[in-house]
Amino acid sequence: MKKKVLLIHTGGTIGMVRDTESGVLKPDRFYDSLLKVIPELDQLAEIQVEIPFLFDSSDMDLGHWETLGRVIADHIPGVDGVVITHGTDTLAYTASALSYMLENLPVPVILTGAQKPLSDLRSDARSNLINAVEMAASGVREVAVVFDDKLLRGNRTTKVHTSHFDAFHSPNFPPLAEIGINIEIAWSQVRTPQGPFRFHPEMEGSIAVLKLFPGIRPQYFQPPRECRGIILIGYGAGTVPMKYGEIVHKAEEWINQGRVVVLMSETKAGPTDPRLYESGSHLLEIGVLPAWDMTFEAAVTKLIHLMGCHCDNPSVRHDFLQPIAGEMTL
Ligand code: ASP
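Everything numeric here is computed off the predicted structure, so don't read it as measured data.

Thresholds applied
- Residues numbered from 1 in each chain as written.
- Predicted model: local features only at pLDDT ≥ 70, side-chain atom pairs only at ≥ 80, totals over all residues.
- Heavy atoms only, no water.
- Axes fitted to C-alpha atoms, helices over the stretch in contact; angles between N-to-C directions.
- Helix = DSSP H or I, 4+ residues; strand = E, 2+ residues; numbered from the N terminus.
- Parallel < 35°, antiparallel > 145°, perpendicular 65-115°, else oblique.
- Left-handed = near helix turned anticlockwise from the far one by under 90°.
- Contact = heavy atoms within 4.5 Å.
- Buried < 20%, exposed > 50% of the residue type's maximum accessible area, 1.4 Å probe, protein only.
- Arc of directions from axis to C-beta.
- Pairing = 2+ DSSP bridges.
- Phe/Tyr/Trp six-rings, centres within 6.5 Å; stacked < 30°, edge-to-face > 60°.
- Salt bridge = Lys/Arg side-chain N within 4 Å of Asp/Glu carboxyl O.
- Near = heavy atom within 4 Å.
- Polar contact = N/O pair within 3.5 Å; in protein donor to acceptor, adjacent residues only side chain to side chain.
- Areas by Shrake-Rupley, 256 points an atom, 1.4 Å probe, with all protein chains shown as cover.
- Nonpolar A, V, L, I, M, F, W, Y, C, P; charged D, E, K, R; others polar.
- Disulfide = S-S within 2.5 Å.
- Core = buried A, V, L, I, M, F, W, Y, C linked by side-chain atoms within 4.5 Å.

Draft legend 1. Summary view of the packing of helix α3 (residues 62–75) against helix α4 (residues 91–101). One can describe the packing of α3 onto α4 by two numbers: an axis separation of 10 Å at closest approach and a directional angle of 55 degrees. By the criterion of interaxial angle, the relationship of α3 to α4 is oblique. Here the hand of the crossing between α3 and α4 comes out right-handed. Across from W65, E66, L68, G69 and I72 in α3, the residues of α4 making contact are Y93, T94, A97, L98 and M101.

Written as structure tokens, this is what we have:
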């Protein structure tokens, strides 16, 4: 029997059309004609389409993540898998947010997009879509991303290129599958959910991010009182300037105010390990939390999720250091 796949279209380049006058790409309800363009999809699965909103993914917000989670939760267990077509710009954030929101997923939730619209001759949309539908029927019970012949854990991905077809990497975790002549799923890496499916729509986004650079004037950064979480992006393994002590004093001040302070590295791969150098270990001593090997997307959405689930910051701090959905390796 044909598998049932719910296809949620949210916008992005994959379905955009070029405005004839200005030449810019604009979102379009391309699924109206999808099966005419890729009739093979019908052979792979019985596809049901939902379009809860439609825009360039730079407009994505917490409320849209909740809507997506709700559409998915409402269709489970009536489908064998879900595909979300999404703009590539914030796709890794949505994948990470959904991974925390959808606990013990009974079916695959696969996000994909494209660097060129489906309507363009040399587009990656067609193969990404076909691969995504195949993976949605694969039984990999994770929120994952299909792009350029790879299946990656959603909360491990990051967009690395604006113009290459190979636009998403998973710097600190191996692919869940390689999609070549054969589809090779690395089942040993795939998570096995334990327990019943649960939907956690709670989110809270009062977060500020301070990215360091040599010569930074930390006094320019003044997060207001209601800001509960601060992410400090330092260098290398998690170092910050010590000489004038301003950053360290700031971090101490935020912690004394009861906020959650996270330290991560600006580097694109490898774990943040503040224990290696003096400044990082001092930050750890005063209560700053290391992001270890999480991507920025995974860390910021984890804070959003945890701050939504807990009104007290000590619980957020405690849970931030535990893996929730395979987003970090301890
Ligand atoms: N700006 C587009 C978006 O994120 C880019 C893309 O889809 O590739 O919606």
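Here the narrative resumes.
Draft legend 2. Seen up close, helix α7 (residues 278–286). Within α7 the residues assigned to the buried category are S279, G280, L283 and I286. In a view along the axis of α7, the buried residues occupy a sector of 125 degrees, so they form one face of it. In α7, the exposed positions angled more than 90 degrees off the buried face are occupied by E278 and E285. Following α7 by one or two positions, G287 adopts a phi angle in the positive range, close to 110 degrees.

Draft legend 3. Spotlight on the pairing of strand β15 (residues 207–211). Here β15 shows a buried face lined by A208 and L210 and an unburied face lined by I207, V209 and K211. Here 5 bridges tie β15 to strand β16 (residues 229–234), and the two strands are oriented parallel to one another. Across the sheet, the residue bridging to V209 is I231, located in β16.

Draft legend 4. Spatial organisation of the sheet that holds strand β18 (residues 289–290). If you walk across this open sheet you meet the 4 strands as β15-β16-β17-β18, and the pairing is parallel. Of all strands in the sheet, those with a lone pairing partner are β15 and β18, marking the two edges. Here β16 runs beside strand β17 (residues 260–265); their pairing, made up of 6 bridges, is parallel. In the sheet register, G229 faces β17, and the bridge partner there is V260. Along the sheet, helix α8 (residues 296–309) contacts β15, β16 and β17; its crossing angle with β16, the most-contacted strand, is approximately 165 degrees.

Draft legend 5. Spotlight on the sheet that holds strand β12 (residues 177–179). The strand order β4-β1-β5-β7-β8-β9-β12-β13 describes an open sheet built from 8 strands, whose pairing is mixed. At either margin of the open sheet sits one strand with a lone partner, and together these are β4 (45–50) and β13 (183–185). Averaged over all adjacent pairs, the angle separating strand axes in this sheet is 25 degrees, with direction ignored. α4 contacts β5 (81–85), β7 (109–112) and β8 (143–147) of the sheet and is inclined by roughly 155 degrees relative to β8.

Draft legend 6. Seen up close, the packing of aromatic side chains. As enumerated under the stated definition, the model contains 4 aromatic pairs in all. Taken together, a centroid distance of 6.4 Å and an interplanar angle of 80 degrees make the contact between Y93 and F296 edge-to-face. Of this pair, Y93 sits in helix α4 while F296 sits in helix α8, and the two are 203 residues apart along the sequence. With relative accessibility at 24%, the residue F296 sits in the partly exposed group.

Draft legend 7. Highlighting the pattern of salt bridges. Applying the stated criterion to the full structure yields 15 salt bridges. Taking the shortest distance from any N to any O, the salt bridge between K150 and D166 comes out at 3.1 Å. One end of the pair, K150, is in strand β9 (residues 150–153); the other, D166, is in the loop between β10 (158–159) and β11 (168–169), with 16 residues separating them in the sequence. The buried category is assigned to K150, whose relative accessible area is 17%. One salt bridge connects E204 with R228, and the closest N-O pair in it is separated by 2.9 Å. Residue E204 is located in the loop between β14 (198–199) and β15, and its partner R228 is located in the loop between β15 and β16; the two are separated by 24 residues in the primary sequence. Given a relative accessible area of 25%, E204 falls into the partly exposed group. Owing to a relative accessible area of 14%, R228 belongs among the buried residues under this scheme. In this structure, a network of salt bridges that share partners links the residues R18, K116 and D120.

Draft legend 8. Here's a closer look at the site of the ligand. Around the ligand, a shell composed of G12, T13, D56, S57, G87, T88, D89 and A114 is seen. The side chain of D56 places a nitrogen or oxygen atom 2.8 Å from a nitrogen atom of the ligand. A total of 270 Å² of accessible area belongs to the ligand in isolation, and the protein chains cover 90% of it. Counted by class, the shell around the ligand contains 1 nonpolar, 5 polar and 2 charged residues.

Draft legend 9. Up close: the state of the cysteines. In total, this model carries 0 disulfides according to the counting rule given. Free cysteine: C309, not disulfide-bonded; nearest cysteine sulfur from C311 at 10.0 Å. A relative accessible area of 77% means that C311 is categorised as exposed.

Draft legend 10. Fine view of the nonpolar core. I72, I84 and L102 are the most contacted members of the largest nonpolar core, which has 33 residues in total. Listed by contribution, the elements that provide at least two residues to this core are β1 (3–9), α3, β5, α4, β7 and β8. With 6 residues, α4 is the largest single contributor of residues to this core. In this structure, I72 is in contact with I8, V82, I84, L98, L102 and V109, ignoring residues within four places of it in sequence. Ranked by size, the runner-up nonpolar core spans 26 residues in total, among them V83, A132, V146 and V190.

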